[in-house]
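Reading the structure
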Protein chains: 2
Amino acid sequence: MGIQNTLKALSDPIRREILNLLKSGRMAAGDIASHFPVTDASISRHLSVLKEADLIRDTREGKFIFYDINTSVLEEVMLWISDLKGENGK
Amino acid sequence: MGIQNTLKALSDPIRREILNLLKSGRMAAGDIASHFPVTDASISRHLSVLKEADLIRDTREGKFIFYDINTSVLEEVMLWISDLKGENGK
DNA sequence: ACTATAATTAACAATTAGGTTAAATGTTAA
DNA sequence: TTAACATTTAACCTAATTGTTAATTATAGT
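Residues numbered from 1 in each chain as written. Chains lettered and ligands numbered in written order. Predicted model: local features only at pLDDT ≥ 70, side-chain atom pairs only at ≥ 80, totals over all residues. Heavy atoms only, no water.

This brings us to helix 5 (residues 74-84) of chain A. For helix 5 of chain A, the set of buried residues is Leu74(A), Val77(A), Met78(A), Trp80(A), Ile81(A), Ser82(A) and Leu84(A). Those residues of helix 5 of chain A that are buried lie in contact with helix 1 (3-10) of chain A together with helix 1 (3-10), helix 2 (13-23), strand 3 (64-69) and helix 5 (74-84) of chain B. A positive phi of about 70° marks Gly86(A), the residue just after helix 5 of chain A. (Buried < 20%, exposed > 50% of the residue type's maximum accessible area, 1.4 Å probe, protein only. Helix = DSSP H or I, 4+ residues; strand = E, 2+ residues; numbered from the N terminus. Contact = heavy atoms within 4.5 Å.)

Here the focus is the protein's contact with DNA strand D. Neighbouring DNA strand D are 23 residues, the closest being Thr39(A), Arg45(A), His46(A), Gly30(B) and Tyr67(B). Atoms of DNA strand D within 4 Å of the protein belong to the sugar or the phosphate in 70% of instances, the rest to bases. Interatomic distance of 2.8 Å between a side-chain N/O atom of Thr39(A) and a phosphate oxygen of DNA strand D. Measuring from a base nitrogen of DNA strand D, one finds a side-chain N or O atom of Arg45(A) at 2.3 Å. Among the elements that make up the surface near DNA strand D, the one with the highest residue count is helix 4 (residues 40-52) of chain A (four residues). When the residues that make up the surface near DNA strand D are grouped by side-chain class, the tally is nine nonpolar, six polar and eight charged. (Near = heavy atom within 4 Å. Polar contact = N/O pair within 3.5 Å; in protein donor to acceptor, adjacent residues only side chain to side chain. Nonpolar A, V, L, I, M, F, W, Y, C, P; charged D, E, K, R; others polar.)

Below, the discussion takes up the pattern of salt bridges. As enumerated under the stated definition, the model contains 12 salt bridges over all chains in all. The residue Asp54(A) makes a salt bridge to Arg57(A) at a minimum N-O spacing of 3.1 Å. Arg57(A) gets classed as partly exposed once you look at its relative accessible area, which sits at 42%. Here Lys85(B) ties to Glu87(B) by a salt bridge, and the two come within 3.6 Å at their closest N and O atoms. A single network of salt bridges, built from pairs that share partners, joins Glu75(A), Lys85(B) and Glu87(B). (Salt bridge = Lys/Arg side-chain N within 4 Å of Asp/Glu carboxyl O.)

Turning our attention to the packing of helix 5 of chain A against helix 2 of chain B. Contact geometry of helix 5 of chain A with helix 2 of chain B gives a least axis separation of 10 Å together with a crossing angle of 35°. Taking contact as the criterion, the partners of Trp80(A), Asp83(A) and Leu84(A) in helix 5 of chain A are, on helix 2 of chain B, Arg16(B), Leu19(B), Asn20(B) and Lys23(B). Each residue belonging to the contact of helix 5 of chain A with helix 2 of chain B can be placed in one class, and the counts come to three nonpolar, one polar and three charged. (Axes fitted to C-alpha atoms, helices over the stretch in contact; angles between N-to-C directions.)

In this section: the sheet that holds strand 1 (residues 27-28) of chain B. Residue and element names in this part refer to chain B. On the basis of which strands lie adjacent, the open sheet formed by three strands has the order 1-3-2 and antiparallel pairing. Looking at which strands have only one partner, the edges of the open sheet turn out to be strand 1 and strand 2 (56-61). Two strands pair when backbone bridges link them, and strand 1 and strand 3 are joined in this way by two bridges, in the antiparallel orientation. When the sheet's bridge partners are listed, Met27 is paired in strand 3 with Tyr67. Against the sheet, helix 2 contacts strand 1, strand 2 and strand 3, and its axis sits at roughly 90° relative to strand 3. (Pairing = 2+ DSSP bridges.)

A word on the interface of chain B and chain A. On the chain A side, the residues contacting the 24 residues of chain B number 24 residues. The junction of chain B with chain A conceals about 2,300 Å² of combined surface from both sides, 65% of it contributed by carbon and sulfur atoms. Remark: the boundary between chain B and chain A carries four salt bridges. Between Asp83(B) and Lys23(A) there is a salt bridge whose closest N-O contact spans 3.0 Å. There are eight residue pairs in polar contact (both at pLDDT 80 or more) connecting chain B and chain A. (Buried area = accessible area lost by both parts, 1.4 Å probe.)

Screw-axis analysis of chain B against chain A gives a translation of 0.0 Å along the axis, an RMSD of 0.0 Å, and a rotation angle of 180°. The superposition of one copy onto the other is thereby described by a two-fold rotation axis. Residue by residue, 100% of the interface of chain B is reproduced at the interface of chain A, so both copies engage with the same surface. (Least-squares fit on C-alpha atoms with pLDDT ≥ 70 in both.)

Take it as geometry only, folks, not as evidence of what the structure does.
Structure representation (structure tokens):
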């Protein structure tokens with residue numbers, strides 16, 4: 001965990017786009033995958049990276065696994081950036 | 001340029017620590033390098049990645065090359081995150 | 001039990017990233 | 001111009017990342 005995992009996860013454009021998709025609501029893995037020109041397997045690994053970083057959460061419902069965005073870990077990134085900009089303790 | 005370069009640059013812990021060092025003021029490349037357990041050449045490449053992302057600026061002064069942090073490009077990251085969190089248009 | 005569907009995991013290939021050492025570049029001073 | 005210093009660039013190696021296809025796991029319906 002930590003900012004390292006978060007930033008690593010965010011450094012890939014497909015993973016950022018996945019988060020963008022999930023912004024509008026939960027989605028099943030296959031539905032997510034259909035938005036990208038790569039295989040389901042590839043997307044599945046991207047999802048596991050995002051999950052490892054706690055940027056998404058998964059829930060199985062029958063045959064489907066639904067993914068939800070979890071933006072709370074992004075707070076740490078915001079704080080890190082703010083600190084870098086010297087916007088803390090002011 | 002763009003958010004891709006920025007996030008890629010931020011995804012490495014040495015590069016983040018370099019930015020942290022520069023927060024307190026400009027530093028020569030060698031001075032920066034002395035803070036890390038890797039070679040000067042390795043730090044030099046990290047510096048070029050940060051420069052490519054426009055997160056730092058360099059100025060030669062005699063034998064030395066000084067590096068300054070440039071936080072303005074971080075604004076884009078902040079906005080991207082805010083947007084993801086649905087904090088826009090509110 | 002069998003089949004179809006949804007998704008992940010495994011095994012492998014190709015690319016990218018980060019480290020090293022050695023050579024090259026730029027600058028200063030003798 | 002030669003030597004010394006600061007830094008970068010080149011060449012190379014290894015490890016990590018990303019993609020593919022094929023196999024596996026999990027669930028639902030017949």
